[in-house]
Amino acid sequence: MDIEQLKTTWRSMGDHIDKLEQENRRMAKELAAGNAKTAQERLAKTARRSIDCAVLLPLLSPLIYYYLDFPLWIAVLYASFGILMGNANLVLYNTIIKNDYMSLPLVEALASAVKIRRTLRNVRVLGICLGLGITLSLVFETLDRNESAILGGLITGFICGAIIGVRKWMEQTKLTRDIIRELRNAIHQPDSDIDISARLH
């Protein structure tokens, strides 16, 4: 084998290796996008469950007025809380499912994921503020009426709700971080000339 044949063989091997590396990078990006999509679907389910729970509150509000004999304004406040949180979680749900990470350019997918995280924070702030207001209203009204049985029920419900809320908070936080991490990993593949992580913080 002469030198020219060796050069040709070497170039052929180099081209083959380059193609393999490109294919590996492509598969790594698709895998990362697939993992992000799986986390996206799970996150959407948590928002959907929140919508279902919020819908129940207006339906239960008449019981507060007629059965527990709370003032009408508390029942209205309770129902309004459910309506507001239902709409807020519907906005969150639509934000989550809006884009398909498998077909969207990675930069746009990452920007969408960051928007989801921002929307989730806003929904949490709204829920905490409104939830505390309603809880305190119920507690003060119960103390004023000296209803120990109802107060015990409120405390028990608050504890159970807090436990469920913390678990949901942790689950949503983890899923949001998973989405962003997987998309950033895909963007930071060796063949990528795009680094926008600082711009998206």
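The following paragraphs examine the structure supplied in this document. Each chain carries its own residue numbering, running from 1 in the direction its sequence is written. In keeping with the predicted nature of the model, local features appear solely for residues at pLDDT of at least 70, side-chain atom pairs appear and are counted solely at 80 or more, and the whole-chain, interface and lining totals rest on all residues. The side-chain figures draw on all heavy atoms in the structure; neither hydrogens nor water molecules are used.

Quick word on the packing of aromatic side chains
Centre-to-centre distance and the angle between the planes together describe a pair of aromatic rings.
Thought 1: Ring geometry is summarised as follows: Phe, Tyr and Trp rings, the Trp one being its six-membered ring, pair when their centres sit within 6.5 Å, and such pairs are stacked at plane angles under 30 degrees, edge-to-face over 60 and tilted between the two. Per the counting criterion, the structure on display carries one aromatic pair.
Thought 2: Plain terms: the ring middles of Tyr65 and Tyr66 are 4.8 Å apart, the flat faces sit at 75° to each other, and that makes the pair edge-to-face.
Thought 3: Type-normalised accessible area, obtained with a 1.4 Å probe on protein chains alone, sets the label of each residue: buried when under 20%, exposed when over 50%, and partly exposed for intermediate values. Judged by relative accessible area, Tyr66 falls into the exposed class, the value being 67%.
Thought 4: To sit over a ring, a charge needs its Lys NZ or Arg CZ within 6 Å of the ring centre and within 35 degrees of the ring normal. Above the ring of Trp169, the side-chain terminus of Arg124 is found at 4.0 Å from the ring centroid.
Thought 5: Above the plane of the ring of Phe70 lies Arg145, whose end atom (NZ or CZ) is 4.7 Å from the centre.

Examining the packing of helix H3 (residues 106–145) against helix H4 (residues 148–187)
Thought 1: Two elements in contact, H3 and H4, have axes whose closest approach is 10 Å; the angle formed by their N-to-C orientations is 170°. It follows from the interaxial angle that H3 and H4 lie roughly antiparallel.
Thought 2: Three classes are used: nonpolar for Ala, Val, Leu, Ile, Met, Phe, Trp, Tyr, Cys and Pro, charged for Asp, Glu, Lys and Arg, and polar for all others, with Gly counted as polar. Of the residues in the contact of H3 with H4, the class split is 21 nonpolar, five polar and four charged. Lines fitted to C-alpha atoms define the axes here, with helix axes fitted over just the stretch in contact, and angles between the N-to-C directions of these axes take values from 0 to 180 degrees. The way it works is that DSSP assigns letters per residue, a run of H or I at least four long becomes a helix, a run of E at least two long becomes a strand, and they are numbered from the N terminus. In what follows, roughly perpendicular refers to angles from 65 to 115 degrees, roughly parallel to angles under 35, roughly antiparallel to angles over 145, and oblique to any angle outside these ranges.

Considering unusual backbone geometry
Thought 1: One non-glycine residue, Asp69, lies in positive phi territory at about 65°.
Thought 2: Here Asp69 shows up in the loop between helix H1 (3–66) and helix H2 (72–97).
Thought 3: When its relative accessible area of 56% is taken as the criterion, Asp69 is described as exposed.

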